[in-house]
Amino acid sequence: MLLRIDHVGIACHNLEEKIEFYETTFGLTVVSREVNEEQGVKEAMLHVTDAPSGASYVQLLEPLHPDTAVGKFLAKRGEGVHHIGYGVADVTQALQDIAAKGIKLIDERPRHGSMGASIAFLHPKDVGGVLTELVETARH
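Residues numbered from 1 in each chain as written. Predicted model: local features only at pLDDT ≥ 70, side-chain atom pairs only at ≥ 80, totals over all residues. Heavy atoms only, no water.

1. A closer look at the packing of aromatic side chains
This structure, assessed with the given rule, holds 3 aromatic pairs. Ring geometry for Phe21 versus Phe26: centroids 5.9 Å apart, planes at 85°, classification edge-to-face. Overall, Phe26 belongs to the exposed group, its relative accessible area being 52%. Chaining the aromatic ring pairs together yields one cluster made of Phe21, Tyr22 and Phe26. One cation-aromatic arrangement involves Lys18 over Phe21; the distance from NZ or CZ to the ring centre is 5.9 Å. (Phe/Tyr/Trp six-rings, centres within 6.5 Å; stacked < 30°, edge-to-face > 60°. Buried < 20%, exposed > 50% of the residue type's maximum accessible area, 1.4 Å probe, protein only. Lys NZ or Arg CZ within 6 Å of the ring centre and 35° of its normal.)

Spelled out as structure tokens, the structure:
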């Protein structure tokens, strides 16, 4: 079901500072910047590598407001890994298969994600404490 680690989502207080850190420290390149009002974040996707099953990224997330999910995460835990995103071929089918196994879903159907992807989140309490995102890459 899982094709690759699509991205690691990292919550940060200052998107521009973190972008500079990842560019200068690891040589990563920003391939996308977006403001996602629905999720309450400014974000940047930094390319890590390509593989036969698709690319992998670091996703940096800065909250638009303190009362967003990422804002609350930062207030409680500070900067760091917020979630792991796994690439899947069909996010709708993956949600059905996972729900059938009794895993609690945050999203019962896909929603818009970074770079036009279809995404859905699984509840961390049923996934070993890890907020888990399923990502179906946009077809171009």
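Following the structure, the description resumes.
2. Observations concerning the pairing of strand E5 (residues 80–87)
In the sheet, strand E1 (residues 4–11) pairs with E5 via 7 bridges, with the strands oriented antiparallel. Residue pairing in the sheet places Ile10 in a bridge with Val81 of E5. In the sheet, E5 pairs with strand E8 (residues 132–136) via 4 bridges, with the strands oriented parallel. Residue pairing in the sheet places Tyr86 in a bridge with Leu134 of E8. (Pairing = 2+ DSSP bridges. Helix = DSSP H or I, 4+ residues; strand = E, 2+ residues; numbered from the N terminus.)

3. Points about helix H3 (residues 91–100)
By the burial criterion, the buried members of H3 are Val91, Ala94, Leu95 and Ile98. Taken end-on, H3 shows its buried residues confined to a sector of 100°, consistent with a single buried face. Packed against the buried residues of H3 are strand E7 (118–122) and E8. Of the residues that open H3, the one with a side-chain oxygen 3.0 Å from the backbone nitrogen of Thr92 is Asp90. The first or second residue beyond H3 is Gly102, which carries a positive phi of 90°. (Arc of directions from axis to C-beta. Contact = heavy atoms within 4.5 Å. Polar contact = N/O pair within 3.5 Å; in protein donor to acceptor, adjacent residues only side chain to side chain.)

4. Comments concerning the layout of surface pockets
Within this model, the largest pocket holds a volume of roughly 710 Å³. Taken together, 39 residues form the lining of the largest pocket, with His82, His83, Phe121, Leu131 and Glu133 sitting closest to its centre. Of all the elements in the fold, those that place two or more residues in the lining of the largest pocket are E1, strand E3 (41–49), strand E4 (56–63), helix H2 (69–77), E5, E7 and E8. In terms of residue count, the dominant contributor to the lining of the largest pocket is H2 (6 residues). Split into classes, the residues belonging to the lining of the largest pocket amount to 20 nonpolar, 11 polar and 8 charged. (1 Å grid on protein atoms, 1.4 Å probe; cavity = no way out; pocket = protein on both sides within 12 Å on 5 of 7 lines; lining within 4 Å. Points joined across faces, edges and corners; volume = space filled by probe spheres on them. Nonpolar A, V, L, I, M, F, W, Y, C, P; charged D, E, K, R; others polar.)

5. Quick notes on helix H1 (residues 15–26)
In this model, H1 (12 residues) spans 16 Å end to end at C-alpha, consistent with the 16 Å of a helix rising 1.5 Å per residue. Among all positions in H1, only Leu15, Ile19 and Tyr22 are buried. The buried residues of H1 occupy one face: seen down the axis, they fall within an arc of 70°. Away from its buried face by more than 90 degrees, H1 exposes Glu17, Glu20 and Thr24. Between the side-chain oxygen of the N-cap and the backbone nitrogen of Glu16 there are 3.1 Å, and the N-cap of H1 in question is Asn14. (Expected span 1.5 Å × (residues − 1).)

6. Looking at the environment of Gly80
Note on placement: Gly80 falls in strand E5. Remark: the alpha-carbon pair of Gly80 and Leu61, spanning 19 residues in sequence, is separated by 9.9 Å.

These values are about where atoms sit, not about what they do.
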